[in-house]
Every structure is written in structure tokens, then in C-alpha cells.
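Reading the structure
Chain by chain, the residues run as shown.
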Amino acid sequence: MNIQKAMRVRSELKAAAVKLNLMLDNVDYNLTFENQPADEAALAEKRGEKLKKLDGLSYGEAVRKLFAITDACLSLNTALEAVNRKGHELLFKETAVKSKLLYVERLLEKEREIKAVSTESRVDYENTDAKGNFRRTDVTVYGYPMLDDSVLGTGLVQMKKQLNKELEKIRDEIAAFNATRQVNWEMPEDLL
């Protein structure tokens, strides 16, 4: 089966384990016999009873099935991990590119706020007017971004386009990887 199907099966197995656990929690664990102690035959018979609350399984069968599902999850996870090493590398690459892209987008927002030339009114603490108040003067301010194109080897807009292309390529690789890699695992009978 491919990775996508294996992940779906794993999810179904986990859901089955949760359901079985809940059913087991709702069944009384205590066997009682009135007026006299039980002999081994009576105990075995009572323990082997098929219970409606356990979908027609005995308590012991339900516990064995829960353990079998847990073991199946373990073997499936191990098989998935063996195949999915390359997939993890792709996910790590995707995370790194997304992080870079997010930062470039923040820098672009900051650059949009920069005014190339602006005039600001400032207080001149060295000169006063006739009343003794500090004078206000207009100052021409020239704004520049902290980074230039040499830092990343290209402008931020071009870098954003480049990172978006890289991200799309990685996502295509992940989709192709998940759809084509085969997991060497067979579902045990009667688990789902």
C-alpha cells in the first residue's frame, strides 16, 4: 500500500483502539457469584460470555483484539518510518522555505512603510524664539531599507517569487512521494 493509504489505515486502527478501550471501560471488571464461591468451570464460562457491550466479544477476546491492534499500529508505524525518511526530509525543507518566505514577506511589509523622502518637524534645543521657547524646524528625512539586494543576492520581491516556486516544487515532491512510495505491511485479519 502507498503511504497515503498506510496513514489512513493507521488512523482507522487508532480509532478502533480508542473505541475498544471505551467499550472495555464500560464493562464491569468484577465477576460476582451470589451465595457461594465460583468453581473454575463457572468462572471460565462467565469469562467466556459474549457481551453485547463489547460487540459480541468476550472480555478476554476484546483485550486480545486491543493488544493486536496496538501491535499492528507499532508494526505499521515502523514500516512507515522505514519508507518515510525521505518524506521527513521533504517536510523539513518545506518548513525551512516557509520560514524564509514568511520573513521575506515581513520585510516587504516594512519596506512599504518606508518613505523615500519626508519632512519631519523637530525641536531645536540650541535656538529659542523671542519668548524663550525652543524653535521648531523642519528636517528633510531620507529613508532606506536596512538590507540591500546584496544580502540575499536578489531583491525581496524576486526572492519571494523564488521561494514560492521552491515551496510549490517541494509540495509537489511531497504529494508525489506520498502517492508512490509503497509501505511493506499487511493488515492482520479481523482487526477492523
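First, a word on scope: everything that follows refers to the structure included in this document. (Residues numbered from 1 in each chain as written. Predicted model: local features only at pLDDT ≥ 70, side-chain atom pairs only at ≥ 80, totals over all residues. Heavy atoms only, no water.)

Some details on the overall build of the protein chain
- In terms of helices and strands, the protein chain carries six helices and two strands.
- Along its sequence from the N terminus, the protein chain presents helices and strands in the succession α-α-α-α-β-β-α-α.
- Here the C-alpha atoms of the protein chain give a radius of gyration of 34 Å, more than 25% beyond the 16 Å that 2.2 N^0.38 yields for 192 residues.
- When its C-alpha atoms are laid out on the principal axes, the protein chain stretches across 115 × 50 × 20 Å. (Helix = DSSP H or I, 4+ residues; strand = E, 2+ residues; numbered from the N terminus. Rg over C-alpha atoms; globule rule 2.2 N^0.38 Å.)

Quick word on the nonpolar core
- Of all hydrophobic cores here, the largest spans 35 residues; its most connected members are Leu-13, Leu-20, Ile-69, Leu-76, Val-183 and Trp-185.
- Of all the secondary structure elements, the ones that give two or more residues to this core are α1 (3–25), α3 (59–83), α4 (85–113) and α6 (156–180).
- Beyond its immediate stretch of four places on either side in the chain, Trp-185 contacts Met-1, Val-9, Leu-13, Ala-72, Ser-75, Leu-76 and Ala-79. (Core = buried A, V, L, I, M, F, W, Y, C linked by side-chain atoms within 4.5 Å. Buried < 20%, exposed > 50% of the residue type's maximum accessible area, 1.4 Å probe, protein only. Contact = heavy atoms within 4.5 Å.)

Regarding the pattern of salt bridges
- Counted according to the given criterion, the structure contains four salt bridges.
- Of the charged contacts in the structure, one is a salt bridge between Lys-19 and Asp-55, with a shortest N-O distance of 3.7 Å. In this pair, Lys-19 sits in helix α1 while Asp-55 sits in the loop between α2 (40–47) and α3, placing the two residues 36 residues apart along the sequence.
- For Lys-19, a relative accessible area of 48% translates into the label partly exposed.
- Across the pair Glu-120 and Arg-122 runs a salt bridge, and its minimum N-O distance is 2.8 Å.
- The exposure class assigned to Glu-120 is partly exposed, which follows from its relative accessible area of 33%. (Salt bridge = Lys/Arg side-chain N within 4 Å of Asp/Glu carboxyl O.)

Focus: α3
- In a regular helix each residue adds 1.5 Å, so 25 residues correspond to 36 Å; α3 covers 36 Å between its end C-alpha atoms and thus fits that length.
- Looking at the buried residues of α3, the elements they touch are α1. (Expected span 1.5 Å × (residues − 1).)

Some words on the pairing of strand β1 (residues 117–128)
- Inspection of the sheet shows β1 paired to strand β2 (residues 134–142) by nine bridges, in the antiparallel sense. Across the sheet, the residue bridging to Thr-119 is Thr-140, located in β2. (Pairing = 2+ DSSP bridges.)

Details of the side chain of Ser-118
- Checked against the element boundaries, Ser-118 lands in strand β1.
- Setting aside residues no more than four positions away along its own chain, Ser-118 makes contact with Val-139, Thr-140 and Val-141.

Quick notes on the environment of Thr-154
- Residue placement: Thr-154 occurs in the loop between α5 (149–152) and α6.
- Spatially, the C-alpha atom of Thr-154 lies 48 Å from that of Leu-74, the residues being 80 residues apart in sequence.
- Ignoring any residue separated from it by four or fewer positions in sequence, one finds Thr-154 in contact with Asp-149, Met-159 and Gln-162.

What to know about the packing of α1 against α3
- Following both chains from N to C, one finds α1 and α3 inclined at 155°, their axes separated by 9 Å at the closest point. Accordingly, the angle class assigned to the pair α1 and α3 is roughly antiparallel. For the pair α1 and α3, the sense of crossing is left-handed. Only Tyr-59, Ala-62, Val-63, Lys-65, Leu-66, Ile-69, Ala-72, Cys-73, Leu-76, Asn-77, Leu-80 and Val-83 of α3 make contact with α1, whose side of the interface consists of Ile-3, Ala-6, Met-7, Val-9, Arg-10, Leu-13, Lys-14, Ala-16, Ala-17, Leu-20, Asn-21 and Leu-24.
- Classifying every residue of the contact of α1 with α3 gives 19 nonpolar, two polar and three charged. (Axes fitted to C-alpha atoms, helices over the stretch in contact; angles between N-to-C directions. Parallel < 35°, antiparallel > 145°, perpendicular 65-115°, else oblique. Left-handed = near helix turned anticlockwise from the far one by under 90°. Nonpolar A, V, L, I, M, F, W, Y, C, P; charged D, E, K, R; others polar.)

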